[in-house]
Amino acid sequence: MSNGEKITTNNGVLNVPNNPVIPFIEGDGIGPDIWAAAQKVLDAAVEKAYNGEKKIEWKEILVGEKAYNNTGEWLPEESLDAIREYLIAIKGPLTTPIGGGIRSLNVALRQKLDLYTCLRPVRHFTNVPSPVKRPEEVDMVIFRENTEDIYAGIEFKEGTDDVKKVVDFLINEMGSNNIRFPETSGIGIKPVSKEGTERIVRSAINYALQEGRKSVTLVHKGNIMKFTEGAFKNWGYELAEREFGDKVFTWAQYDEIVEREGKEAANNAQDEAEKAGKIIIKDSIADIFLQQILTRPKDHDVVATMNLNGDYISDALAAQVGGIGIAPGANINYDTGHAIFEATHGTAPKYAGLNKVNPSSVILSGELLLRHLGWTEAAELILSAMDKTIESKVVTYDFARLMDGAKEVKTSEFGEELIKNM
Ligand SMILES: NC(=O)C1=CN([C@@H]2O[C@H](COP(=O)(O)OP(=O)(O)OC[C@H]3O[C@@H](n4cnc5c(N)ncnc54)[C@H](OP(=O)(O)O)[C@@H]3O)[C@@H](O)[C@H]2O)C=CC1
Ligand SMILES: O=C(O)CCC(=O)C(=O)O
Ligand SMILES: [Mg+2]
């Protein structure tokens, strides 16, 4: 039994003891390899930063294959209760069990704990190999809505009685006559709510204000999905103007000025707003957004979007700064204080148990966790060790295959190298 203390929250402020209990889920596939390396690196950073005054008391909780093998359940209630109780956790990737009621354990964790923000900062570490010319221009923070959209799992399989009922309802009661092949269609439903939109956009704008960022881009496909993705954009603009007033300038306001006074006046108003340090709230349709992040990444800063767009954008942007071997993240409910930190990538089954893959994503997720606790000194140690290690070209296979003169090391050796470089 661990002898640490609980992290608590009071009016949105975390109380972090010097020996907080932090639950961890080792994860499936490459999870055990990367977690073993990460735990050592996080412990070393804390030890070094605070001379032993602070220490994380890790508490293993079971989810996924390890849980199933030990308890017969993929997502034991006991594990969820531990996260509810201890507030902040970290996890490795989880495989989605084939068959059974759960679509994705990762999605289930986010939904059951209502971790509505998936926060994924994407920036370049010097010397990390990248397929683009100027990866250093990528510095974006994705706020992906984590509980709604097509991830709600409301889907009906082709050929079932259920889908027949849904199709019949759509055609005969709702007058839909655009289901091209009604006899052989599966149907998926995409809920996007006003509350869900407002809480993610609010979180993104609060973050932009706190971190001195320049803009928040609402990414959507509202030209096609008017009442879901289009509504996301409209609700986002309305919330920004209503709750953030003169701290922001929105493209909806820009359009109103164009209509009233012409384009030059609107451009002037935006220039003035930028000079005054206001956050520019703009939007971009998802397809052109994916081009723009490649061609002119400096145009985008904080990004707020729905679940599926956010999933695609996360991996696409990660590729620009070295791949998902170095893409950290966190799932957060800013109202309750619950958070689970996790890498952007999955279980990469072909590399499981080989001690081969890059542990940086989960290590940097731990770095975000330390920062979230206010343990900035330990977080900084990890960042500087990461810079130093990559600069010395001691890297795992994913970077080694793209770098000239690199020394390829194993997952565990990369972790040890980071510790040496602290
Ligand atoms: N949050 C989570 O837990 C997530 C879970 N998943 C689940 O993971 C499983 C596998 O999904 P898959 O689509 O293969 O995606 P993965 O992210 O697991 O792997 C895809 C590829 O990404 C590269 N990669 C992933 N992790 C690393 C790493 N740490 N270091 C270096 N390279 C890495 C590898 O590329 P290469 O082959 O080029 O070397 C790998 O083959 C599925 O069950 C999926 O549902 C998926 C995403 C997130
Ligand atoms: O849970 C999964 O299997 C996929 C989740 C995912 O791709 C993500 O969160 O980025
Ligand atoms: Mg993904």
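Summary of the structure given here. Predicted, not measured: the structure shown is a model, and the values here were computed from it.

## Quick notes on the side chain of S365
Phase 1 of the analysis: Structurally, S365 can be placed in helix α12 (residues 360–373).
Phase 2 of the analysis: Every residue in contact with S365, bar those within four places of it in the chain, is listed here: I90, P328, G329, F341, E342 and A343.

## Structural notes on helix α7 (residues 226–244)
Phase 1 of the analysis: Where α7 bends most, the angle comes to about 25 degrees, and this point is F232.
Phase 2 of the analysis: Among the residues of α7, T228, E229, G230, A231, F232, W235, G236, Y237, L239, A240 and F244 are the ones counted as buried.
Phase 3 of the analysis: Positive backbone phi, at 45 degrees, marks G245, one or two positions downstream of α7.

## A word on the pairing of strand β15 (residues 339–342)
Phase 1 of the analysis: Side chains A339 and F341 of β15 all project onto a buried face; the interleaved residues I340 and E342 project onto the opposite face, where all are buried too.
Phase 2 of the analysis: Taken together, the three bridges between strand β14 (residues 330–332) and β15 define a ladder with antiparallel strand orientation. Note on β15: the bridge partner recorded for N331 is I340.
Phase 3 of the analysis: Here β14 hands over to β15 after six residues, with G337 in that stretch at a positive phi of 90 degrees.

## Comments concerning the nonpolar core
Phase 1 of the analysis: Residues I90, I205, V216, I281, L370 and I382 are the most contacted members of the largest nonpolar core, which totals 78 residues.
Phase 2 of the analysis: With nine residues, the top contributor of residues to this core is helix α1 (residues 31–50).
Phase 3 of the analysis: If near-sequence neighbours (up to four positions away) are discounted, I281 is found in contact with I205, V216, L218, Y237, A240, V248, F249, T250 and W251.
Phase 4 of the analysis: The next biggest cluster of nonpolar side chains, apart from the first, holds 17 residues, and it includes I61, V63, A82 and A108.

## Examining the environment of E65
Phase 1 of the analysis: Structurally, the position occupied by E65 is in helix α2 (residues 65–71).
Phase 2 of the analysis: Taking the relative accessible area as the measure of exposure, E65 reaches 35% and is therefore partly exposed.
Phase 3 of the analysis: Sequence separation between E65 and D28 is 37 residues, and the spatial gap between their C-alpha atoms is 6.4 Å.
Phase 4 of the analysis: Leaving out residues up to four positions away in the same chain, E65 has contacts with D28, W74 and T95.

## Considerations on the site of ligand 2
Phase 1 of the analysis: The environment of ligand 2 is formed by T96, S104, N106, R110, R120, R144, D311 and T344.
Phase 2 of the analysis: Residue S104 places a side-chain N or O atom 2.5 Å away from an oxygen atom belonging to ligand 2.
Phase 3 of the analysis: Note that an oxygen atom of ligand 2 is positioned 3.1 Å from one of the side-chain N or O atoms of R120.
Phase 4 of the analysis: Its free accessible area being 300 Å², ligand 2 has 73% of it covered by the protein chains.
Phase 5 of the analysis: Grouping the constituent residues of the shell around ligand 2 by class yields no nonpolar, four polar and four charged.

## Remarks on α1
Phase 1 of the analysis: For α1, built from 20 residues, the straight-helix expectation of 28 Å at 1.5 Å per residue is met to within 8% by its first-to-last C-alpha distance of 28 Å.
Phase 2 of the analysis: Taken residue by residue, α1 has G31, D33, I34, W35, A37, A38, V41, L42, A44, A45, V46 and Y50 as its buried positions.
Phase 3 of the analysis: Elements that come into contact with the buried residues of α1 comprise β3 (21–25), β4 (57–60), β5 (88–91), α12, α13 (376–391) and α15 (411–420).
Phase 4 of the analysis: With its phi angle positive at about 45 degrees, N51 sits one or two positions after the end of α1.

## Examining unusual backbone geometry
Phase 1 of the analysis: For N11, which is not a glycine, the phi torsion comes out positive at approximately 50 degrees.
Phase 2 of the analysis: Within the secondary structure layout, N11 lies in the loop between β1 (8–10) and β2 (13–15).
Phase 3 of the analysis: Backbone geometry places A348, a non-glycine residue, at a positive phi of 35 degrees.
Phase 4 of the analysis: As for its position among the elements, A348 is in the loop between β15 and α12.
Phase 5 of the analysis: Judged by relative accessible area, A348 falls into the partly exposed class, the value being 26%.

## A word on the pairing of strand β6 (residues 117–123)
Phase 1 of the analysis: Burial within β6 is extensive, with five of its seven residues counted as buried.
Phase 2 of the analysis: Direction of pairing for β6 relative to strand β7 (residues 139–145): antiparallel, over a ladder of seven bridges. From the neighbouring strand, R123 faces β7, where its bridge partner is D139.
Phase 3 of the analysis: Bridge analysis of β6 against β14 gives three bridges, and the strand direction is antiparallel. By the bridge assignment for β14, L119 is matched with A330.

How each quantity is defined
Residues numbered from 1 in each chain as written. Chains lettered and ligands numbered in written order. Predicted model: local features only at pLDDT ≥ 70, side-chain atom pairs only at ≥ 80, totals over all residues. Heavy atoms only, no water. Helix = DSSP H or I, 4+ residues; strand = E, 2+ residues; numbered from the N terminus. Contact = heavy atoms within 4.5 Å. Bend = angle between axes of the 7 residues up to and from the residue. Buried < 20%, exposed > 50% of the residue type's maximum accessible area, 1.4 Å probe, protein only. Pairing = 2+ DSSP bridges. Core = buried A, V, L, I, M, F, W, Y, C linked by side-chain atoms within 4.5 Å. Near = heavy atom within 4 Å. Polar contact = N/O pair within 3.5 Å; in protein donor to acceptor, adjacent residues only side chain to side chain. Areas by Shrake-Rupley, 256 points an atom, 1.4 Å probe, with all protein chains shown as cover. Nonpolar A, V, L, I, M, F, W, Y, C, P; charged D, E, K, R; others polar. Expected span 1.5 Å × (residues − 1).

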